[in-house]
Amino acid sequence: MNIIVVGTQWGDEGKGKIVDLLSEEADYIVRYQGGHNAGHTVVSGQNTIILHLIPTGVLHPEKVGVIGNGVVVDPAALLEEIEMLASYGVSVSGRLFISEMAHLIFPYHKALDKASERSKGSRKIGTTGRGIGPAYADKMARIGIRVIDLFDPPLLRQKLESNLTEMNLLLKEAYHLEGFDFDKMYQDYLGYGERIQSYVTDTSQLIHRAMGEGRHLLFEGAQGTHLDVDLGTYPFVTSSSSTAGGACTGTGVGPTQIDRVFGVAKAYTTRVGEGPFPSELHTGMGSLIREKGGEFGATTGRPRRCGWFDAVVVRYAARINHLDGMAITKLDVLDGLPEIAICVGYEYQGRLIHEMPASLSVLQSCTPRLVRLPGWTEKTAGVTSYDLLPQNAKAYLAAIAKEVGCPIDMVSTGSRRKETITLTHPFSAPK
Ligand code: IMP
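Described in the following lines is the structure provided in the data block. (Residues numbered from 1 in each chain as written. Predicted model: local features only at pLDDT ≥ 70, side-chain atom pairs only at ≥ 80, totals over all residues. Heavy atoms only, no water.)

### A look at the overall build of the chain
Next up, step 1: In terms of regular secondary structure, the chain is built from 12 helices and 20 strands.
Next up, step 2: In terms of overall dimensions, the chain is globule-like: its C-alpha atoms have a radius of gyration of 22 Å, near the 22 Å expected for 431 residues.
Next up, step 3: With respect to the three principal axes, the spread of C-alpha positions in the chain is 65 × 50 × 40 Å.
Next up, step 4: Here the chain holds 431 residues, and the buried ones make up 58% of them.
Next up, step 5: With an accessible surface of roughly 17,400 Å², the chain has 51% of that area assigned to carbon and sulfur atoms.
Next up, step 6: Each charge class in the chain was averaged separately, 43 positive and 47 negative side chains, and the resulting centres sit 4 Å apart. (Helix = DSSP H or I, 4+ residues; strand = E, 2+ residues; numbered from the N terminus. Rg over C-alpha atoms; globule rule 2.2 N^0.38 Å. Buried < 20%, exposed > 50% of the residue type's maximum accessible area, 1.4 Å probe, protein only. Areas by Shrake-Rupley, 256 points an atom, 1.4 Å probe, with all protein chains shown as cover. Lys, Arg positive; Asp, Glu negative; His and termini not counted. Charge placed at Lys NZ, Arg CZ, Asp CG, Glu CD.)

If you want it as structure tokens, here you go:
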């Protein structure tokens, strides 16, 4: 069984916990896009571990983690993460594999990311500043440097010299910044190459072999549907294909090899960075949800913008990813609220819209059409059985499933693995 897990909102849906949980039934956990801009938080025993680049499933000692060709790899960040895991007693040696075709992030990508954000002023995207956009831009411009190039010193020299000359010119002339020293960067990257070489392989072949042996694969999406470069709220998106389709091009598997697509949605909505967000709460309710939900970026620590559950956003994700089922996370954060609202449509110039408009200026001018439901006073925190949920919480979940048009298979009621209600396990659900 091969399953893709995707975020259905703007990232931070709690995919880390769900992927970690589903990894119990998977043999291989595969990242297919993004880079260390992601922040997947997992509570494992007494530890809270945040993974940015390495697939979440490696926290299970016998599982294999794969970084596919669609990912952009900052080797310094990768090595740091390997060391961080080792400090928790987690060794990835012999069970972490990195695609030789993945593109590399260089320090000039990070510098350019930050400089370009600064120069945009109020039009900034609010990126994580990790160099993700510029690294993908080089890939698309066909001047990117790939992991495999680290093992061909003359080629690395030639490509890096050419890129750095251009990049230094841009940094100096357009942004009045210092450039980078070629020799240092070249030596640093040759050194990274030596240190990561044992992890590097043809991951597409590895994945195909595993599939042939009947292993279970979990494709772990990073960010969320509305941050997808093609299908998200462009240009306030990340630079990769975070929707289900990206799992195929980002790993080298065909669409017919995927059995299920599973979406993760938070019981309310959050967004980090800039961009339209129709159901955003600018009131004390927004701050209350932020505080109760600990809604601060796992990668940058930035406060997340909070709002009511937006069914238009998740309905779109259900269609774009063709979701078979979904998990609703952080239900417990809504415990004790007297009333909860769901955004079921957008009002725009006297009309009611049920679908995401492509035009950002239209989306920016939309106001949410809210349906209000009574809250619940009982605790859902830690509940593990659907039957034990308060009646109003069940009604809230039923309203979400109806509005989105997708069954809810799992509900998360806390950050620990066991604080989960499983109605249908994605790995045992019939196709
Ligand atoms: P970038 O991916 O750093 O280029 O940032 C582009 C946009 O995606 C910004 O709004 C970021 O806040 C957002 N973003 C990137 N990664 C994540 C994530 O893992 N969770 C939530 N938002 C993200």
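### Some thoughts on unusual backbone geometry
Next up, step 1: Note that the residue after Tyr-234, namely Pro-235, is joined by a cis bond; omega there is 5°.
Next up, step 2: Backbone geometry places His-176, a non-glycine residue, at a positive phi of 55°.
Next up, step 3: Residue His-176 is classed as exposed on the basis of its relative accessible area of 68%.

### A look at the packing of aromatic side chains
Next up, step 1: Evaluation of the coordinates by the stated rule reveals 6 aromatic pairs.
Next up, step 2: Ring centres of Trp-10 and Phe-277 lie 5.4 Å apart, and the angle between their planes is 50°; this geometry places the pair in the tilted category. With Trp-10 in the loop between strand 1 (2–7) and helix 1 (15–22) and Phe-277 in the loop between strand 12 (269–271) and helix 9 (284–293), this pair connects stretches of sequence that are 267 residues apart.
Next up, step 3: Judged by its relative accessible area of 2%, Trp-10 is buried.
Next up, step 4: Judged by its relative accessible area of 7%, Phe-277 falls in the buried class.
Next up, step 5: A ring pair is formed by Trp-376 and Tyr-396, whose centres lie 6.0 Å apart and whose planes are at 50°; its orientation type is tilted. With Trp-376 in the loop between strand 18 (367–374) and helix 12 (391–404) and Tyr-396 in helix 12, this residue pair connects regions lying 20 residues apart in the sequence.
Next up, step 6: Classification of Tyr-396 as buried rests on a relative accessible area of 1%.
Next up, step 7: The structure contains a cluster of three or more aromatic residues connected by ring pairs, namely Phe-106, Tyr-108, Tyr-189 and Tyr-192.
Next up, step 8: When the ring centre of Tyr-186 is taken as origin, the NZ or CZ atom of Arg-157, which lies over that ring, is 4.6 Å away. (Phe/Tyr/Trp six-rings, centres within 6.5 Å; stacked < 30°, edge-to-face > 60°. Lys NZ or Arg CZ within 6 Å of the ring centre and 35° of its normal.)

### Some remarks on the site of the ligand
Next up, step 1: Of all residues adjacent to the ligand, which total 16 residues, the nearest are Asp-12, Asn-37, Thr-128, Thr-238 and Arg-302.
Next up, step 2: At 3.1 Å, a side-chain N or O of Asp-12 approaches a nitrogen atom of the ligand.
Next up, step 3: A distance of 3.3 Å separates an oxygen atom of the ligand from a polar backbone atom of Gly-126.
Next up, step 4: Relative to its free-state accessible area of 470 Å², the ligand is covered by the protein chains to the extent of 97%.
Next up, step 5: Residues that form the shell around the ligand fall into these classes: 6 nonpolar, 8 polar and 2 charged. (Near = heavy atom within 4 Å. Polar contact = N/O pair within 3.5 Å; in protein donor to acceptor, adjacent residues only side chain to side chain. Nonpolar A, V, L, I, M, F, W, Y, C, P; charged D, E, K, R; others polar.)

### Some thoughts on the sheet that holds strand 2 (residues 28–31)
Next up, step 1: Spatially, 10 strands are ordered 9-7-5-2-10-1-11-15-19-20 in an open sheet, and the strand pairing comes out mixed. Each having just a single partner strand, strand 9 (200–201) and strand 20 (420–422) make up the two edges of the open sheet.
Next up, step 2: Here strand 7 (residues 96–99) pairs with strand 9 via 2 bridges, running parallel. From the neighbouring strand, Ile-98 faces strand 9, where its bridge partner is Val-200. (Pairing = 2+ DSSP bridges.)

### Quick notes on the environment of Arg-369
Next up, step 1: Mapped onto the secondary structure, Arg-369 falls in strand 18.
Next up, step 2: Between the C-alpha atom of Arg-369 and that of His-354, which follows or precedes it by 15 residues, the distance is 9.7 Å.
Next up, step 3: When neighbours within four sequence positions are excluded, Arg-369 is seen to be in contact with Ile-342, Cys-343, Val-344, Gly-345, Tyr-346, Glu-347 and Leu-352.
Next up, step 4: For Arg-369, the side chain forms a polar contact with the side chain of Glu-347, separated by 2.4 Å. (Contact = heavy atoms within 4.5 Å.)

### A few points about empty space enclosed by the protein
Next up, step 1: Considering all chains together, one arrives at 1 cavity of 30 Å³ or more under this definition.
Next up, step 2: Of the voids in this model, the largest cavity is the one considered here, and its volume is about 40 Å³.
Next up, step 3: Around the largest cavity, the lining residues are His-103, Leu-104, Phe-106, Tyr-108, His-109, Ala-135, Asp-138, Ile-143, Gly-144, Ile-145 and Asn-163.
Next up, step 4: Listing elements by their share of the lining of the largest cavity, those giving two or more residues are strand 8 (103–104), helix 3 (107–120) and helix 4 (132–140).
Next up, step 5: Partitioned by chemical class, the residues of the lining of the largest cavity number 6 nonpolar, 4 polar and 1 charged. (1 Å grid on protein atoms, 1.4 Å probe; cavity = no way out; pocket = protein on both sides within 12 Å on 5 of 7 lines; lining within 4 Å. Points joined across faces, edges and corners; volume = space filled by probe spheres on them.)

### Some remarks on helix 4
Next up, step 1: Along helix 4, the residues that are buried comprise Ile-132, Pro-134, Ala-135, Tyr-136 and Asp-138.
Next up, step 2: Where helix 4 is buried, its residues contact strand 6 (72–73), strand 8, helix 3 and helix 5 (153–175).
Next up, step 3: The first or second residue beyond helix 4 is Arg-142, which carries a positive phi of 65°.

### A word on helix 1
Next up, step 1: Where burial is concerned, most of helix 1 is hidden: 8 out of the 8 residues are buried.
Next up, step 2: Those residues of helix 1 not exposed but buried are Lys-15, Gly-16, Lys-17, Ile-18, Val-19, Asp-20, Leu-21 and Leu-22.

### Describing the state of the cysteines
Next up, step 1: The final tally for this structure, using the stated rule, is 0 disulfides.
Next up, step 2: A disulfide-free cysteine, Cys-343 has its sulfur positioned 8.9 Å from the sulfur of Cys-366, the nearest such atom.
Next up, step 3: Take Cys-343: its relative accessible area is 0%, and that puts it in the buried class. (Disulfide = S-S within 2.5 Å.)

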